[in-house]
Amino acid sequence: MRADASVSPAGTRTIPELIINSPYAAPEEHWSYDRETRLFHRLPGRRPAGFVRATPHAQGFDDPGVFVELPLVNQIRGRVAEWRAAGYAGVSGTTRRLLEHWRDPEQRPSDRRLFFCQLEAIETMLWLAEAPAAARQGVKIPGDGGAFVRHCAKMATGTGKTAVMAMLIAWQVCNKVAQPQDARFSKYIFVVAPGLTVKNRLQVLLPAGERNFYQEFGLVPAGMLDQLRQARILIANWHALMPLDPAAGPKVRKLGPESDEAFVRRALGELASGRNIVVINDEAHHAWRVAPKSQMKGVSKEEIEEATQWVGGLDRIHKRRDILRCYDLTATPFAPTGRASGEETLFGWVVSDFGLSDAIESGLVKTPRVVVRDDGRTAATFRSRLYHLYGDPEVKDDVNRKAEPHEPLPRLLVNAYDLLGKDWLETRKLWRKAKLKTPPVMITVANRTETAARIQYAFAHGKIHIEELCDVQRILHIDSRVLAKAEAREEAGQAEMFGEGESEGDEREPARLSKKDQAELLRRTVDTIGRKGEPGEQIQNVISVGMLSEGWDARTVTHIFGLRAFSSQLLCEQVVGRGLRRTEYDVDPGSGRFRPEYVNIFGVPFTFLPHEGGDDVIPPPPEPKTRVEALAERQALAITWPNVVRVDHELTRRLVLDMAKVKPLYLDAAATATRAELAPILEGKAFAQLSRIDLEDLARRFRTQKIIFEAAADLYAQMQGAWKGGREWLLGQLVALVEQFMASDKIRIEPALFERDPLRRRLLLTFHMTELVQHIADAVRCENSERLRLEFDRERPIHSTADMPTWYTSRPCHTTERSQISVCVFDSGWEATEAFLLEMDERVEAWAKNDHLGFEVLYHFAGVTRKYRPDFLIRLRSGAMLVLEVKGQETPEARAKRAALEEWVRAVNADGRWGRWAAAVSRHPKDLEGLLAGGCD
């Protein structure tokens, strides 16, 4: 250890240098965070093996978590170190020769030196198989509940797992060829991948391949290459382990279910001729054993199916051919539990650990930096709202609905993209100055297909204000459905056997490609992002749904935008892992260490989430549930309504805007972030080595006339369907109306500093463009509509209380008599009182609480489209329909809801096919009688 390495006992809030270890030697130091003093200490020695889990019951926004040690790994780590120092006692001559070759840096190119973590992982596997029994005494490795042995190496993304797999194969095969009778070894190797991306990447494990790792990294002495070529290696996607579909064809139906022997012959191909097979699972966190009758709430059916088929297929192979040993490699060896807390279970058979903090301190990966604060409003957790974007109520409601691509994104998302995009722009300038040929890459991980389509539309149409990121030729929207079909395609003929490999794809024009070839071309583009001369070379903006394919090893990712639920730290690490691979591996001659590289992250809560309790907490008994159902025998009490998805306005030919009638638009500058700070993450804790992003200089791009034309263009896109005249005449009028509104006193900005400063005013108006456009659109429609027209849901144009699915509740409720719904569930005492009055009032013929009914009215507020669900639907004996809202406090959002409902009522009444409707707000239980009387008029 260097003499100047230690830090004073007082510790430090700012880490002066994060990379403190050589990638080629065992770590000599580590940073440790003291949760009481909130200081970092640079300590001698290696960090113990373990991981960090959220503090039980923690609600603080800066929870540093609780360290969970891995005693088995620490025990093995010490034994292996002693074994290494003693000269690898007990190993075969072949193994000794391989170890000496691997540890000699002269045996491979300077840029192909093996990292310490790679050597330690392979040494651990060798120690478990070849060290004297006395050296391994007391070491007990749990199994996974199955019949074959599994050993797992936990290695952070980007630390070189594929090279470790090649070393495992060389060790097994060369030993078996040299000593055919030694039962500890095998030349039959079955490598299982989680998808085609990883499977294609693993072709480097085939000794006959053109760029195989054995020669690229110099992993095998020249004299052993002939031995290695006697290997029988099969690389397969996990889909190869799925049983045949019983409905696949007449032959299967005649023969019945596929036998274990037939399955093994089909899955293994030529490998089925051997016994004692060595299995290597890449990204092995997918291969966990599902407990019988387990309750896996929150875990998708696809995840459960993959784990079941993967491990179940290996069980069938072991039953017929024997699995000598199964080696698992993954950065995140956890199996989901389905608990609401998002906690996972670590694989008990982890024997080696080199985690993310170790990889960061050794410089093997980029350091993730997350946003820690900005000058906008904070979330309820006191964090920056940019920290977990999907968790913000304004965003979550909006991105979890069926929306068209052209519908605007929530203001917070546009704000976030502008901030992160500004930082990306600065990175691109530096890369161009360094004459790098490929651009830095921003990736977005979205929650659903509709959201990804809206994000792509926003970039393609300049709704994000970083023009350089909006180049459509450099945007890649990954269609997850197409990729999924490519992943699940048949592995007919086992083309990967013995190094034959797949074809390189069809180079025909895209218009002539089959669907299969289109999927393959998309996959090749995704797989080659950042590679010179490949289809993905110039991609700089990747928009995906869910997770990007594992094994995606693009090294040019510099920015990550997360927009989905992150229910666990496992998921956070997997998403962030897509951006951890370094671009350069040149050692600094002065320090002997790698230079730092960073990936900047918005929206991925990459520290520790609140925890609901551990295994020692006894769960409370379930509360009794009440069945809520639509009673068929009360069909006479059914209430029917049109399922309206949109109210369209048919506009007059000449548009006017009376400013005296237009309501003011209030903009809150405090809710918009113009500055943000990011900090690196170590041991799950952000420390104060800050990087800043500032948007104020970006505002100089936004001229007032540009804002006017952009707002007019958005208005035109909204209104052209309702316009009968010429398009040029419509656009010209809209430009004039926007100019009129912008010049008026109807825009009110707080604090006044933003109103007085033209630069800040333009910046704020640009960020609030959606609200500005919607406000003007509402005013124009209010004064210039000739007719309202209903747009119905095409699949279900009519809804009824009879359609409500049965559900169960533990909330307070009471049986009904005048409602088709069996009970009314109460959210407040006020609602209970009003429900009682509805049952008693003779003017009411039928009523229903709007709970699970699906009666919704879309409204716009703060630049976001939201769903309004009024409280009650009432059919009066007069035949009129009354929509009733129970509301105590008047707010701007409540007014927006009421305006949308009133417009809905006007449109339905104008349509004439649905009877007479009215809307009312009850502000006190005593006013209900008057509202019912008014509804009869």
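Scroll up to find the structure.
Everything quoted here is computed from the prediction, not taken from an experiment. (Residues numbered from 1 in each chain as written. Predicted model: local features only at pLDDT ≥ 70, side-chain atom pairs only at ≥ 80, totals over all residues. Heavy atoms only, no water.)

Things to note about the environment of V735
With respect to the element layout, V735 can be found in helix 19 (residues 727–743). V735 sits in the buried class, given a relative accessible area of 13%. Distance in space between the C-alpha atoms of V735 and A711 is 8.1 Å, their sequence separation being 24 residues. With residues near it in sequence (within four places) discarded, V735 still touches I708, F709 and A712. (Helix = DSSP H or I, 4+ residues; strand = E, 2+ residues; numbered from the N terminus. Buried < 20%, exposed > 50% of the residue type's maximum accessible area, 1.4 Å probe, protein only. Contact = heavy atoms within 4.5 Å.)

Here's the deal with the packing of aromatic side chains
For the coordinates displayed, the defined rule picks out 19 aromatic pairs. Between the aromatic rings of Y24 and F594, the centroid separation amounts to 6.2 Å while the plane-to-plane angle is 80 degrees, which identifies the pairing as edge-to-face. Taken together, the residues span a long stretch of sequence, with Y24 in the segment before strand 1 (29–34) and F594 in the loop between helix 17 (569–576) and strand 18 (598–602) at a distance of 570 residues. Here F594 falls in the buried class, since its relative accessible area comes to 3%. An aromatic cluster is built from Y24, F115, Y585 and F594, whose rings are joined through pairwise contacts. In this structure, R112 is placed above the aromatic ring of F217, and the distance from its NZ or CZ to the ring centre is 4.8 Å. (Phe/Tyr/Trp six-rings, centres within 6.5 Å; stacked < 30°, edge-to-face > 60°. Lys NZ or Arg CZ within 6 Å of the ring centre and 35° of its normal.)

Brief notes about the pairing of strand 9 (residues 323–330)
The buried fraction of strand 9 amounts to six of the eight residues, a majority that puts the element mostly inside the structure. Two strands pair when backbone bridges link them, and strand 5 (residues 150–155) and strand 9 are joined in this way by five bridges, in the parallel orientation. Note on strand 9: the bridge partner recorded for R150 is C326. With six bridges connecting them, strand 8 (residues 277–282) and strand 9 associate as parallel partners. When the bridges of strand 9 are listed, I277 appears paired with I323. (Pairing = 2+ DSSP bridges.)

Here we look at the packing of helix 9 (residues 260–268) against helix 10 (residues 301–321)
Running from N to C, helix 9 and helix 10 cross one another at 105 degrees; their axes reach a closest spacing of 9 Å. The angle between the axes of helix 9 and helix 10 places the two elements in the roughly perpendicular class. On helix 10, the residues that touch D260, E261, F263, V264, R265 and L268 of helix 9 are G313, R316, I317, K319, R320 and R321. Per-class residue counts for the contact of helix 9 with helix 10 are four nonpolar, one polar and seven charged. (Axes fitted to C-alpha atoms, helices over the stretch in contact; angles between N-to-C directions. Parallel < 35°, antiparallel > 145°, perpendicular 65-115°, else oblique. Nonpolar A, V, L, I, M, F, W, Y, C, P; charged D, E, K, R; others polar.)

So, the side chain of H318
Summarising the element assignment, H318 is placed in helix 10. Leave out the neighbours within four places in its chain, and H318 touches A147, F148 and I323.

With respect to unusual backbone geometry
For Y88, which is not glycine, the phi torsion reads 60 degrees and is therefore positive. The topology assignment puts Y88 in the loop between helix 1 (71–85) and helix 2 (93–103).

Considering the sheet that holds strand 36 (residues 881–886)
With mixed pairing, four strands are arranged side by side in an open sheet as 32-35-36-37. The open sheet is flanked by strand 32 (844–849) and strand 37 (917–922), the only strands paired with a single partner. The sheet shows a mean angle of 20 degrees between the axes of neighbouring strands, taken without regard to direction. Of the strand pairs in this sheet, strand 36 and strand 37 are connected by six bridges, and their pairing is parallel. Residue pairing in the sheet places M881 in a bridge with W917 of strand 37.

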